[in-house]
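# Structural description and commentary
Spelled out, the chains give:
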Amino acid sequence: MANASGLVAPTLPSFRRRFSPSLGVYRSGFWFCHGVSRRTVCSSAAQRAEKLSPAESKARRLVSKGCKLVGCGSALPSIQISNDNLSEIVDTNDEWISVRTGIRNRRILSRKESLTAMATEAAQKALQMAKVEPNDVDLVLLCTSTPEDLFGSAPQIQKALGCSHNPLAYDITAACSGFLLGLVSAACYIRGGGFNNVLVIGADALSRYVDWTDRGSCILFGDAAGAVLLQVWLSCDSEEDGLFAFDMHSDGEGQRHLKAGMKENNTDQELATNGSLLGLLPKGSSSYSCIEMNGKEVFRFAVRVVPHSIELALEKAGLGVSSIDWLILHQANQRIIDAVATRLEVPQERVISNLANYGNTSAASIPLALDEAVRSGKVQAGDTIATAGFGAGLTWGSAIVRWG
């Protein structure tokens, strides 16, 4: 089991008040110093910097950078599939689906639409909100489990955006936890790598891997894209830093409960006229199976680990649940969302959910929900958000972020 400890050092229970954290260095990662005057920290840092060599001083300034979430966007396919539509395909109905999942509609890509174009549209909207030009983007992270190229689709998005100076672009594959991993990665690139603007895109087209004859899974999934722009914040006062803390884990033992494994499409055709490679290489092309899921086990997994992960992230940030303005979870099942909110004692009016309209959109679900909440005026600049992703791998994690 893998575990990422987050951007902060553990805090004592007595420190669980709303402090303004200051960034420092702990081993090879980051930590926030709580309970210390920001003015004192900045002054002390300046005094120490005078005694450092130029190289040491530059390194210290580099890691003291923070980040802000300054833009968001989303995009949806044109085809809407309702529960009533699904009842014409499998033995189900609107009541059966909505009671068990909270889902009423979902969007799926048509044959004329592409994941890359949808992700690009979401990214463009995020850039427009942030008032950042494509050529000012330093990194594009595409969080997806359904790329349109085996080697990744992020470079094609970078090209479509018109980033002419060729910034790095690559895919992150972690299913429904993907966007969260991308968010944390972007913050680390900004704090430790000197990047100024990082695009994090969550986009998935799980409809391409759904067995539409399996009512246990086909009712759940939809396609969408969402994006967020993280921008460098040049100040030692990190009161408004965009990422306070995170907590992330994985457990390969649970992979059997949610997967889409590789399968070989065997044929009897020979691979070589001389027969020298027969028996050594596969006899046909490979592809991935449809999504296989043990719904009961995934439900138990989520309601067990997600609240604990959020509690750990809050503790690392030195915050209590009362400090949360909004709870935005991966939109997988309304019963999971409700169970986590109840466990954390977060009032329903502070829980953001758009699951009924879109279903489980995997890596797109968190940024899609955030974008709608921001554009509707629900989430305001300075709001503190607890967010968590969980899914195949199994992977899960949480982050405490601030919008704007």
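Provided above is the structure to which this section pertains.
First things first, this report covers the structure right here in the doc.

Rules behind the numbers
Residues numbered from 1 in each chain as written. Predicted model: local features only at pLDDT ≥ 70, side-chain atom pairs only at ≥ 80, totals over all residues. Heavy atoms only, no water. Helix = DSSP H or I, 4+ residues; strand = E, 2+ residues; numbered from the N terminus. Buried < 20%, exposed > 50% of the residue type's maximum accessible area, 1.4 Å probe, protein only. Contact = heavy atoms within 4.5 Å. Areas by Shrake-Rupley, 256 points an atom, 1.4 Å probe, with all protein chains shown as cover. Phe/Tyr/Trp six-rings, centres within 6.5 Å; stacked < 30°, edge-to-face > 60°. Lys NZ or Arg CZ within 6 Å of the ring centre and 35° of its normal. Core = buried A, V, L, I, M, F, W, Y, C linked by side-chain atoms within 4.5 Å. Arc of directions from axis to C-beta. Polar contact = N/O pair within 3.5 Å; in protein donor to acceptor, adjacent residues only side chain to side chain. Patch = residues over 30% accessible without salt bridge, like charges linked within 9 Å, V, L, I, M, F, W, Y side chains within 5 Å. Salt bridge = Lys/Arg side-chain N within 4 Å of Asp/Glu carboxyl O. Pairing = 2+ DSSP bridges. Axes fitted to C-alpha atoms, helices over the stretch in contact; angles between N-to-C directions. Parallel < 35°, antiparallel > 145°, perpendicular 65-115°, else oblique. Left-handed = near helix turned anticlockwise from the far one by under 90°. Right-handed = clockwise from strand over helix to strand, strands pointing away.

As a further point, take the overall build of the protein. Along the backbone of the protein there are 12 helices and 19 strands. Put simply, the protein has 404 residues, and 50% of those count as buried. A sequence separation of at least 24 residues applies to 77% of the contacts in the protein between residues at least 6 apart. Summed over all atoms, the accessible surface of the protein reaches about 18,600 Å², with 50% contributed by carbon and sulfur.

With that settled, the discussion passes to the packing of aromatic side chains. Here the structure, examined in full by the defined rule, presents two aromatic pairs. For the ring pair F301 and W396, a centre distance of 5.5 Å and an interplane angle of 75 degrees mean the geometry is edge-to-face. With F301 in helix α9 (residues 295–317) and W396 in strand β19 (residues 395–402), this residue pair connects regions lying 95 residues apart in the sequence. The two residues F301 and W396 agree in class, both being buried. Just above the ring of W96 sits the side chain of R215; from NZ or CZ to the centre is 4.2 Å. Taking NZ or CZ as reference, R335 lies 4.9 Å from the ring centre of F299, over its face.

We now examine the nonpolar core. Among the nonpolar cores identified, the biggest contains 44 residues, and V306, I310, L327, L329 and F390 are the most heavily contacted of them. Counting only elements with at least two residues in this core, the list comes to β11 (243–250), α9, β16 (326–329), α10 (334–344), β18 (384–391) and β19. Broken down by element, this core gets its largest block of residues, nine residues, from α9. In contact with I310, other than residues within four places in its own chain, are L327, L329, V340, L344, A386, A388 and S398. Core analysis: the second largest hydrophobic core is formed by 37 residues, C67, V200, I352 and L370 among them.

Another point: unusual backbone geometry. Of note, the phi angle at N166 is positive, near 60 degrees, even though the residue is not glycine. Positionally, N166 belongs in the loop between α6 (154–161) and β8 (168–172). For A175, which is not a glycine, the phi torsion comes out positive at approximately 50 degrees. Tracing the sequence through the fold places A175 in the loop between β8 and α7 (178–193).

Moving on, we come to α10. Note that an α-helix has 3.6 residues per turn; residues three or four places apart therefore point the same way. Of all the positions in α10, only I336, I337, V340, A341 and L344 are classed as buried. Axial view of α10: buried residues confined to an arc of 130 degrees, hence all on one face. You can read the cap of α10 off the contacts: a side-chain oxygen lies 2.7 Å from the backbone nitrogen of R335, and it is on N333. One or two positions beyond α10, positive phi appears at E345, with a value near 60 degrees.

Here we come to the environment of L368. Mapped onto the elements, L368 comes out in helix α12 (residues 365–375). Once the C-alpha coordinates of L368 and A225 are considered, the two residues, 143 residues apart in sequence, prove to be 6.7 Å apart. Excluding residues that lie within four positions of it along the chain, L368 makes contacts with S74, L76, A224, G226, N354, Y358 and T361.

Buried residues dominate α12, accounting for nine of its 11 residues. Regarding α12, the residues found buried are S365, I366, P367, L368, A369, L370, D371, A373 and V374. Of the residues flanking the end of α12, it is G377, one or two places downstream, whose phi is positive at about 90 degrees.

Glancing now at a nonpolar patch on the surface. On the surface, a cluster of nonpolar side chains totalling about 430 Å² of accessible area is made up of L150, F151 and Y288. Along the chain, the position of L150 falls in the loop between β7 (139–143) and α6. Its relative accessible area of 69% is what places L150 among the exposed residues.

Turning our eyes to something else, we now look at the sheet that holds β8. Spatially, β4-β10-β9-β7-β8 is the arrangement adopted by the five strands of the open sheet, whose pairing is mixed. Edge positions in the sheet fall to β4 (66–75) and β8, since each has one partner strand and no second. Between one strand axis and the next, the sheet turns by 20 degrees as a mean value, whatever way the strands run. The pairing of strand β9 (residues 197–205) with strand β10 (residues 223–233) spans nine bridges and is classified as antiparallel. Counted as the bridge partner of V198 is L230 from β10. Sheet strands in contact with helix α5 (residues 115–130) are β4, β7, β9 and β10, and its direction is about 130 degrees off that of β4.

For the rest of this paragraph, the subject is the packing of α5 against α6. Two elements in contact, α5 and α6, have axes whose closest approach is 9 Å; the angle formed by their N-to-C orientations is 55 degrees. As the angle between them shows, α5 and α6 are arranged oblique. Of the two elements, α5 crosses α6, and the hand of that crossing is right-handed. For the pair formed by α5 and α6, the contact residues are T116, A119, T120, A123, Q124 and L127 on the first element and Q156, I157, A160 and L161 on the second.

Burial analysis of β7 places five of its five residues in the buried class, which makes it a mostly covered element. Going residue by residue along β7, you find L139, L141 and C143 tucked away on one face and V140 and L142 tucked away on the opposite face as well. The pairing of β7 with β8 spans five bridges and is parallel. Its bridge partner being in β8, L141 is matched across the sheet by Y170. Crossover β7 to β8 through α6 is right-handed.

Purely geometric stuff here, so don't read any function into it on its own.
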